[in-house]
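Examining the three-dimensional arrangement
Read off the chains here:
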Amino acid sequence: MAEAADFPGLTPSPARRWFRRAGVLLTGAPLLAGLLQLPASEPAYAAASDQVVVSVDSLTPSAPTDGDTLTVSGTVLNKGKQAVTAAHVDLRVGQRLTTRSGIDDVAARTDYVSGADGTAVGGKYVEKFPKIAPGVAQSFNISVPVDKLDLGQDGVYQIGLSLSGETAAEPYERVLGIQRTFLPWQPEEADTRTRTSFLWPLISTVHMTAETGPGEQQTPVFLNEDLASEISPGGRLEQMVSLGKDLDITWVIDPDLLASVDAMTGSYGIHNADDTNTPGTGQAVAKHWLAELQDAVVGKEVVALPFADPDLASIAHNGKNVPGILNHLKSATDVAVSTVSTILHTTSSTDFAWPASGAVDPSIIKVATSAGADKVIVRSDSLKETGDLPYTPSAARPVGGGTTAVVADMRLSTAFQGDMTNAGSSTLSVQKFLAQSLTATLQTKKQRTVVVAPQRMPSASQARTMAEAITDLQNSNWSQPQDLTATADTKPDPGANTKVPSPPPARRDQELPESAFTEIANKQDKPLDQFKIILTDKTRVETPFGRAINREMSTSWRGRSSAAQGFRNGVKSYLLKLTEQVKVIYKSETKLSGGSATIPVTVQNNLVQPVDNLVLRVTSENPTRLKIGDDDYQEQSVAVSGGHSQSVKFPTSSNANGPITVTAQLYTKDGQKYGKKVSFEVRVTEFTAMAMLVIGGGFLLLVLAGLRMYTQRKRAAARRAEEPGNEQEDEATEENAGTGDHDGPERRPQGESDPASRADAPEQPSDPTPDTAPDSAGPSGTGERVDR
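Here goes a summary of the coordinates provided. Because the structure is predicted, anything quoted here is derived from the model rather than measured.

Structurally, the position occupied by Ile 249 is in the loop between α4 (236-244) and β12 (250-253). On the basis of relative accessibility, which here comes to 2%, the residue Ile 249 falls in the buried class. Through-space distance from the C-alpha of Ile 249 to that of Lys 300 is 7.3 Å; in sequence the pair is 51 residues apart. In this view, Ile 249 contacts Phe 198, Trp 200, Gly 244, Lys 300, Glu 301 and Ile 470; residues no more than four positions away in its chain are not counted.

Following this line, the structure appears as structure tokens:
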């Protein structure tokens, strides 16, 4: 029997409401009678809060059949201030629960209510404690043959473990604490088994940065070593693989996780706060984890999400109108299949999109299918039932445009959230999961399909609880496993809701804001496209930065806005650092002499690969005084090998002296500026034609004067040599002059006559007889010397 209240939004008919109210009254009557009678053996009041906490740590078998013995174990803890005496733990069998909402109601109750919590099995199936001191925990273990439980027809029964006893303040027996759980009872195989698809998600947060090492291997750099911890023995992802390999499940994998672990199998670095990198140490665990996963997925269905699991809701609400964002979503889908195939050596499907929490609206559906998926995993609390369908419909629903919504059951999908490290919490979750599954199966004789889509990143304890529940479900008599693709292809229920809700889903505050997508487009896409133009090997930046941009849109950033912004800043900073490796070298003041000369400008390439498709433009800020080439600027193509520099010479012409500002700017071949411009001063020191003539004339006069002096000295020496008696003196003079001996005749200044030759000088014995007397007024003869 099913009830409309199981489906939110479904309004029961007046007749149904009347029968329900009547049922409530009939059910409440015995409870009221019990409250009035107050029998000593069955206290009928509800305690405000339990004095004793009862925990059910294990219940086996979780779904018993005929001939089985039910064993329940756990602990009781006295949290009161008084000791409990004459205490005993009883196993209580309650009513059969026929609706899924009824299971929810029982799970929500905390206080003991006589009648509603069933009767104790009693007899020897009781655990007794003479005394339980305050703050002391006691263990119990009760085993009861199933035939002693008086279970009736197939279905889910409420089971309670209660502790009764006395205290000094209240010296009479009463129930001091109770823990409820559920017992699925399906001893024979069901007429129609529910086909259940259980998604097993291998998804993690973002771990890799955009940075890679400069060598040919491009050593990857990670944010931290958290991924190594997750894949190490006992880690979350290690547990997911080791547990999942023995289950009939559909693996749902983020290719980014595979790429990240694969990158760890070789050398990798860990980014430090001071922008340095230290070597990673997770190579061994990475290799082991990948090998285990490769074995685990053999023969299993693998669904590949778009690379880095992009947040479809964020893109739909805040990013779809930002140029380029949808292209990144498409590229994330395109790379998914090749990543899974290369690393896991298996085929995968990219037909499925999975919005966060399975929440959808028309815009999310549109974005989810824009990258190629034609099936969207939706949760039933988003695509709610609105009709009179008296059972949980099959998962597949056509929602228009050739798109199929694969609806995951909300109750089953959320059964393993919360802290599962406690054995009691884990046991209760498993039993409630099984109870919901069986109740859904018994709603109708019609075979249906059910999808379980748990939280994206289960903890290790949650994974163990999930594995236990799946194992019990697959061993049950009412369910059988089925791949997700087969479930999506089944014929839908004609009465199921296929209208996608218009209001946006909840938790919009956790989505990536529009500013994040704008930052990706303007500060990363555009500079990256410009950078790729000049590279000879574009893949060295195209792949790491393309994947980094995919990671910036990951669903894992939900609720971590500061970390998301930090990651975006890191990508932008590293891209800027790379682009600045190709630049114009700063120049100090350059001096030019003359009317024309060349200016050398150097372009440096600190990348490991050659760059091309660059144009260097040098511009004069004052072309009337200094021209570059024949105009105010000139351009030249530039290609520089990796790790080298190249100087480019530009011809100039000037017609004025003084400093002139010149700028050098790199451009890409398509005319876009690349990098920062470099400005420097050119100082012109040009000489005029008149100045050159004056200097040249002066130099010529100096040369002529020197030649005249030399000639005059030669002539004077020749005349003296011709006169008798001067030969020896001249020879001595020349000898002294040649040797630098200054003891010979003293040199006289030019134009001063020899004292011995003056008229008033006393006559020397060696002087010749004058040809003409001193007082003679007649003309001198030919060749005469004249004394004046």
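Our focus in this paragraph is the sheet that holds strand β1 (residues 52-60). A sheet is described by the order of its strands in space; here three strands give the open sequence β1-β2-β6, paired in antiparallel fashion. Sheet topology places β1 and β6 (137-145) at the edges, where each strand pairs with a single neighbour. Between one strand axis and the next, the sheet turns through 20 degrees on average, direction left out of account. In the sheet, β1 pairs with strand β2 (residues 69-78) via eight bridges, with the strands oriented antiparallel. By the bridge assignment, Thr 60 is partnered in β2 with Thr 71.

To continue, consider empty space enclosed by the protein. Following the criterion strictly, the structure yields six cavities of 30 Å³ or more and no others. Only α8 (325-344), β16 (352-353) and α9 (362-370) provide two or more residues apiece to the lining of the largest cavity. Split into classes, the residues belonging to the lining of the largest cavity amount to nine nonpolar, three polar and no charged. Taken as a whole, the second largest cavity encloses approximately 60 Å³ of empty space. Together, Thr 196, Phe 198, Asp 248, Ile 470, Leu 473, Gln 474, Ser 479, Gln 480 and Pro 481 line the second largest cavity. Put simply, the parts of the chain that give the lining of the second largest cavity at least two residues each are β9 (194-202), α12 (460-474) and β21 (479-481). Looking at the lining of the second largest cavity, its residues break down into four nonpolar, four polar and one charged.

With that settled, the discussion passes to the sheet that holds strand β23 (residues 590-592). The five strands are arranged β23-β30-β29-β25-β27 in an open sheet whose pairing can be described as mixed. Of all the strands in the sheet, just β23 and β27 (633-640) have a single pairing partner and so form its edges. Going from strand to strand, the sheet's axes swing by 30 degrees on average, the running direction of each strand aside. Sheet analysis places strand β25 (residues 611-620) next to strand β29 (residues 658-668), joined by seven bridges and oriented antiparallel. Opposite Val 618, over in β29, you have Ala 664 as the bridge partner. Across the sheet, helix α14 (residues 514-533) is in contact with β25, β29 and β30 (673-684); its angle to β30 comes to roughly 65 degrees.

This part takes up the packing of aromatic side chains. We describe a pair of aromatic rings using the distance from one ring centre to the other and the angle between the two ring planes. Tallied over the full model, the rule gives seven aromatic pairs. Taking 6.3 Å as the distance between ring centres and 65 degrees as the angle between the ring planes, the aromatic pair formed by Phe 198 and Phe 433 counts as edge-to-face. Of this pair, Phe 198 sits in strand β9 while Phe 433 sits in helix α11 (residues 423-441), placing them 235 residues apart in sequence. Put simply, the rings of Phe 198, Trp 200, Phe 416 and Phe 433 pair up and form one aromatic cluster. Stacked on the ring of Tyr 633, the Lys or Arg Arg 617 has its end atom at 4.6 Å from the ring centre.

Remark: α14 packs on helix α15 (residues 539-552), axes separated minimally by 11 Å, with the N-to-C direction vectors making an angle of 170 degrees. Taken together, the axis directions place α14 and α15 in an arrangement best described as roughly antiparallel. Counted together, Ile 520, Gln 524, Asp 525, Leu 528, Phe 531 and Lys 532 of α14 and Val 541, Glu 542, Phe 545, Ile 549 and Glu 552 of α15 form the full contact between these two elements.

With that settled, the discussion passes to the pairing of β12. The side-chain alternation of β12 yields two buried faces, one formed by Thr 250 and Val 252 and the other by Trp 251 and Ile 253. One ladder, built from four bridges, connects β9 with β12; its direction is parallel. What sits directly across from Pro 201, in β12, is Val 252. The pairing of β12 with strand β15 (residues 301-304) spans four bridges and is parallel. By the bridge assignment for β15, Val 252 is matched with Val 303.

Another aspect to go through is unusual backbone geometry. Cis geometry marks the peptide bond from Thr 60 to Pro 61; its omega dihedral reads -10 degrees. Relative to the helices and strands, Pro 61 is located in the loop between β1 and β2. In this model, Ala 86 sits at a positive phi of 50 degrees, which is unusual for a non-glycine residue. Residue position: Ala 86 is located in strand β3 (residues 84-97). Of note in this structure, Asn 613 is not a glycine but carries a positive phi near 60 degrees.

Rules and cut-offs
Residues numbered from 1 in each chain as written. Predicted model: local features only at pLDDT ≥ 70, side-chain atom pairs only at ≥ 80, totals over all residues. Heavy atoms only, no water. Helix = DSSP H or I, 4+ residues; strand = E, 2+ residues; numbered from the N terminus. Buried < 20%, exposed > 50% of the residue type's maximum accessible area, 1.4 Å probe, protein only. Contact = heavy atoms within 4.5 Å. Pairing = 2+ DSSP bridges. Axes fitted to C-alpha atoms, helices over the stretch in contact; angles between N-to-C directions. 1 Å grid on protein atoms, 1.4 Å probe; cavity = no way out; pocket = protein on both sides within 12 Å on 5 of 7 lines; lining within 4 Å. Points joined across faces, edges and corners; volume = space filled by probe spheres on them. Nonpolar A, V, L, I, M, F, W, Y, C, P; charged D, E, K, R; others polar. Phe/Tyr/Trp six-rings, centres within 6.5 Å; stacked < 30°, edge-to-face > 60°. Lys NZ or Arg CZ within 6 Å of the ring centre and 35° of its normal. Parallel < 35°, antiparallel > 145°, perpendicular 65-115°, else oblique.

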